[in-house]
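Examining the three-dimensional arrangement
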Amino acid sequence: MNKFLSLPLIAFAPLYAGAQNIDFELSDTYRSIGVYDTWEESPFRTGELKGNVKVVDNFLKEGNESSKILGIQRSRFGSNTFGARIDLNKPFAISPETQYVHVKMYKPVAGKVMLIGLGKRVERKGQSPETEQFWVYSDNEVVPDRWNDAVFAVKGNEGVEIYSLVVVPDCTSPHNLKNDFAAYIDDIEVSSDKTPKINIRSGSCTIGTSEDAAFVTLNAASRNGYVTDGNGKELLSVRLPKEKAFEIKATPAPGFTLNYVTIKSKSFEKKVEALQFDNEGKFKVPAEWIKEDIMIEGEFKSTDK
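Calculation notes
- Residues numbered from 1 in each chain as written.
- Predicted model: local features only at pLDDT ≥ 70, side-chain atom pairs only at ≥ 80, totals over all residues.
- Heavy atoms only, no water.
- pLDDT = per-residue confidence, 0-100.
- Helix = DSSP H or I, 4+ residues; strand = E, 2+ residues; numbered from the N terminus.
- Contact = heavy atoms within 4.5 Å.
- Core = buried A, V, L, I, M, F, W, Y, C linked by side-chain atoms within 4.5 Å.
- Buried < 20%, exposed > 50% of the residue type's maximum accessible area, 1.4 Å probe, protein only.
- Pairing = 2+ DSSP bridges.

With that out of the way, let us pick up the confidence of the model for the protein chain. Looking at the protein chain as a whole, its pLDDT mean stands at 83, while 88% of the residues score no less than 70. Of all helices and strands in the protein chain, the one with the weakest mean pLDDT is strand β1 (residues 11–12) (33), whereas strand β19 (residues 282–285) scores best (96). In the model, residues 1–19 has pLDDT below 50 throughout and makes 59 contacts with residues more than four positions away in sequence or in other chains. This stretch, residues 202–211, has a pLDDT under 50; its non-local contacts, to residues over four places away or in other chains, come to 19 contacts.

Glancing now at the nonpolar core. One broad trend across soluble globular proteins is that nonpolar side chains are buried collectively. If you look at the biggest cluster of nonpolar residues, it comprises 34 residues, and the most contacted ones within it are I86, V101, L115, L165, I185 and I188. The biggest single contributor to this core is strand β6 (residues 82–94), with six residues. Once residues within four sequence positions are removed from consideration, L115 is found in contact with V101, F134, W135, V136, F152, V154, L165, V166 and V167. Counting residues in each nonpolar core, the second largest holds 25 residues, with L218, V261, V285 and W289 among its members.

What follows covers the environment of L177. Relative to the helices and strands, L177 resides in the loop between β11 (160–168) and β12 (181–191). Distance in space between the C-alpha atoms of L177 and R74 is 9.9 Å, their sequence separation being 103 residues. Excluding residues within four positions of it along the chain, L177 makes contact with R74, S75 and R76.

Here strand β10 (residues 148–154) lies mainly inside the structure; six of its seven residues are buried. Judged from the seven bridges that link them, strand β7 (residues 99–106) and β10 form a sheet pairing that is antiparallel. Across the sheet, the residue bridging to M105 is N148, located in β10.

Here's what the structure looks like:
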């Protein structure tokens, strides 16, 4: 579904006292909207391209009765962390205690979604409020072609305030994306409740949770390339036997090469350098690393430097 593709970049709104609940019915619940990409060489950061994002009439009312929603054109020229940026009227603080950010989302493709927090430490007067303070994947699966409540668990060090939220609707590497597509966002809420407000289909997987004590759940995401299993299959909520070695493969996008891969769980984090991968870009994750749910993040660097 590609219902809008030609949109102005920014819409401004007056200041508002609270930033924890944002909808797009009224323009006084946010300060401004735009696009953002964490990739520093992104054409959306260098000024070569302007992103398409706009508040539009809700034509997708099954499951969401709002009259207005935020639409974004997912560009194939942005990285896998390209998304809609919502500047808040008032910053909110993060802390070691987990908070949950709920975001209603509708998109035509499967795949992981992400929330990025831009902000600064209160005591660092010179720090930019656009400093990336967290990247977090949704705790639950986002099902295509219907409204979902994507839930993001957010926590961090004391003294950090978030000024902007970036909702990334498609965390897969874009180098195989043939056409742009539109995704839609609504009703952003910071809450102490992690329960999704919209129930999705039964039997769906939840990131970070194992259905059986003998298995773990594995997910992977990357920028400017992708990490799959040894046969090239996407790693999205894949269930693995505990303490059994597992082969992964790193494939750079054109113009990039592997820098390193980070493999982490709740209790450990391992950095696997490119030299540790074989000539086919493969690496066998040791059995002793596979004891709890795992996130794998690939970091690829440009070959132009």
